[in-house]
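Inside the fold
Okay, here's what each chain looks like letter by letter:
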Amino acid sequence: MPNKQSQTFKEVHYSNCIPNAPVDNRPLAVRSELEYGKLKSEKYLHVSKHPIGEPLPTPIDDDPPYVIYLSTYLNFLILIIIGHIRDFFGKIFKPQEYKHLVEKDGYAPWYDGFESFYVRRLKTRIDDCFARPIHGAPGRFIKCFNRIREGKTGYLYDGTSRECLNLSSYNYLGFAQSSGVCTDFALKCVDEYGTSGCSPRVYCGTTDLHRECERIVADFVGKEDAIIVSQGYGTNANFFASIADSKTLVISDELNHASIRFGIRLSGAIVKVYKHNDMKDLEKLIKNQIAQGQPKTHRPWKKIIIAAEGLYSMEGNMCNLPALIELKDKYKCYLFVDEAHSIGALGPEGRGICDYFSVDPSRVDILMGTFTKSFGATGGYIAGDRYLIEKLRVNYITQAYSESVPPPVVGQIISSLNVIKGTLNPGEGQERLQRIAFNSRYLRLGLKKLGFIVYGADDSPVIPLLLFLPSKMPAVSRMLYDMGIAVVIVSYPATPLISARARLCVSSALTKDDLDYVLAKISEVGDLIYLKFSSGIAGGSKVPGEPPRWTIEEVLATNVEDCKKPKLV
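Residues numbered from 1 in each chain as written. Predicted model: local features only at pLDDT ≥ 70, side-chain atom pairs only at ≥ 80, totals over all residues. Heavy atoms only, no water.

Looking at the overall build of the protein chain
The criterion, for reference: Counting from the N terminus, the helices are DSSP H or I runs at least four residues long and the strands are E runs at least two residues long. All radius of gyration figures rest on C-alpha atoms, and the globule criterion is 2.2 Å times the number of residues raised to 0.38. With a 1.4 Å probe rolled over the protein chains alone, any residue whose accessible area is under 20% of its type maximum counts as buried; one over 50% counts as exposed, and the rest are partly exposed. It only takes one pair of heavy atoms within 4.5 Å for two residues to be counted as in contact. Reported accessibility uses the Shrake-Rupley method at a 1.4 Å probe radius. Residues are deemed covered only where the shown protein chains occlude them. The sign given to each residue is positive for Lys and Arg and negative for Asp and Glu; His and the chain ends receive no count. To locate a charge, take NZ of a lysine, CZ of an arginine, CG of an aspartate or CD of a glutamate.
Helix and strand counts for the protein chain come out as 17 helices and 14 strands. Taking 569 residues into account, the globule formula puts the C-alpha radius of gyration at 25 Å, and the protein chain, at 25 Å, falls close to it. The buried share of the protein chain, reckoned over its 569 residues, is 55%. Long-range pairs, those at least 24 residues apart, make up 72% of the contacts in the protein chain between residues at least 6 apart in sequence. Accessible surface computed for the protein chain: about 26200 Å², of which carbon and sulfur atoms make up 57%. When the 69 positive and 63 negative side-chain charges of the protein chain are each reduced to one mean point, those points stand 4 Å apart.

Put into structure tokens, the structure is as follows:
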């Protein structure tokens, strides 16, 4: 039973529905400002572009003092020992709580204690920091439901919510709005096509709207044709089964997304992994595999596909696209690039990693991307040569057996692409692109100057702030949440065990004042729980070769000009 403090709360567990969200009765202008902040100065704009002909600098991953690594391992060791002690005595004194982990009536348990140990004894202790339920549009601000922990897996909700600055959504260009030209276009599609694509004048499934969307997507990414599907994960998960078989070799970056890995396994292709962004290791691997050929028979490979991501969502860095293309051309391989995070977020025209490096998209064989990040919609696409896309229309599992993208979602995709291209609301798209470029560099440089260890490329809107110790994950999440800032905490198995981090996702909807507030509050938290242990080798030093020693006042006074330099200091 709830205690007196939570008598008014309604008990809700993960498997139950969350109470209805509070109705926002504020004027439309106020809500619009909260979803997308206004630009206050032209100085807060920047163009995301890599200098033509210059090699991609290798990001320097700063290491903390050895005592931090030692403390991290020691923390996990203590948690593991305590967890095993609780498991040992729990099975004796509370067998009903462990019945799913022990044999019963001759049946083996669904999973053993060791297999589920991390989730039960480590993750659940800080589960309030993960998967916070929200409502409303995830724009500049995000509304998180207030809740109180109840038991091991349940929460108590009172139906109220807290409004926080949003550094937790992939809403890179701020198109996830409840009003505006994109919303109006999506509503128009509902009126004309319905929500499922069925109306008196069209058939269910693929409509003229879908074909128009595919044409616009292909033109936007610079390919001959494109095919759109209703789910981003499924775009990768089923794609490789359509183009690869057991006589195909896929050479995959070690940090590629789980959907790529799953898709390769599903296809039955042979997969080899190269070190993240290591072109020397990749070339060595290609040479060896060409020389050895297929397993057992040693016949030449039917085809070799290099798979990489444009922007890596956990590390915040980019693939070395010019070097990948050079190797692909040299050894006659195919190149597949996943642009889930880079499309819309990189490049002077928002056309992704090819635009960022000024590379002709025709030199990349297959471009994949999703609409869930920069475009405020759902689903994904595959773009390539027309003959390849025509083949996919026949044997692509996702195309043949899944539902089509709902017309209002297609409308959101078309309208957001047209805004970026300038054919709808001219000027708005360029402002959004230049704002996210500025915001990404501004926040990243500010954190470096304050002494935090930050991973990733200068222009990346994904900014991993390293925490290392497991005890600092809930501390950072809860303290920033109380300060009105929503961030994502990422830990094992999504990252290495000792590389826990707060992943800050920057949006063009944020204003410079918002970022100044974030820097000030993160600086306070960093001072309080000792997170500022950067050596300065990755940038941010006031004096070259020395650890950063900037105050928050100095950072705010110098950051605008410094972040516009070709390379962050």
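A closer look at the UniProt feature "transmembrane region" (unreviewed entry) in the protein chain
So the rule is basically this: UniProt positions are given in the numbering used here, feature names are shortened, and annotations may be inferred rather than shown by experiment.
With numbering matched to this structure, UniProt assigns "transmembrane region" (unreviewed entry) to residues 66–85. With 100% helix and 0% strand, residues 66–85 has its two end C-alpha atoms placed 29 Å apart.

Some words on the pattern of salt bridges
How we decide: For this document, the term salt bridge refers to a Lys or Arg side-chain nitrogen within 4 Å of an Asp or Glu carboxyl oxygen.
All chains considered together, the criterion is met by 30 salt bridges. Across the salt bridge formed by Asp-245 and Lys-302, the nearest N and O atoms sit 3.2 Å from each other. One end of the pair, Asp-245, is in the loop between helix H6 (232–243) and strand E6 (248–253); the other, Lys-302, is in the loop between helix H8 (279–292) and strand E8 (303–309), with 57 residues separating them in the sequence. Put simply, Arg-211, Glu-214, Asp-225, Glu-390 and Arg-393 are held in one network by salt bridges that share partners.

Structural notes on the packing of helix H4 (residues 181–193) against helix H13 (residues 407–421)
Under the convention used in this document: Each axis is a line fitted through C-alpha atoms, and for a helix only the stretch in contact is used; angles between axes span 0 to 180 degrees, taken between their N-to-C directions. Less than a right angle of anticlockwise turn of the near helix away from the far helix marks a crossing as left-handed, whereas a clockwise turn marks it as right-handed. Under the grouping applied here, Gly and all other residues not named as nonpolar or charged are polar, the nonpolar ones being Ala, Val, Leu, Ile, Met, Phe, Trp, Tyr, Cys and Pro and the charged ones Asp, Glu, Lys and Arg.
Remark: H4 packs on H13, axes separated minimally by 8 Å, with the N-to-C direction vectors making an angle of 145 degrees. Of the two elements, H4 crosses H13, and the hand of that crossing is right-handed. Judged by residue contacts, Val-181, Cys-182, Thr-183, Phe-185, Ala-186, Cys-189, Val-190 and Tyr-193 of H4 engage Pro-407, Pro-408, Gly-411, Gln-412, Ile-414, Ser-415, Ser-416 and Val-419 from H13. In the contact of H4 with H13, the residues fall into eleven nonpolar, five polar and no charged.

Things to note about the nonpolar core
Condition: As used here, the term nonpolar core means buried Ala, Val, Leu, Ile, Met, Phe, Trp, Tyr and Cys residues forming a set that is joined through side-chain atoms within 4.5 Å.
Counting residues in hydrophobic clusters, the biggest one holds 67 residues, and the most contacted among them are Leu-282, Leu-321, Leu-324 and Ile-353. Once residues within four sequence positions are removed from consideration, Leu-282 is found in contact with Ile-251, Tyr-274, Ile-306, Leu-324 and Leu-327. Phe-438, Leu-469, Ile-485 and Ile-552 belong to the second largest nonpolar core, which has 52 residues in total.

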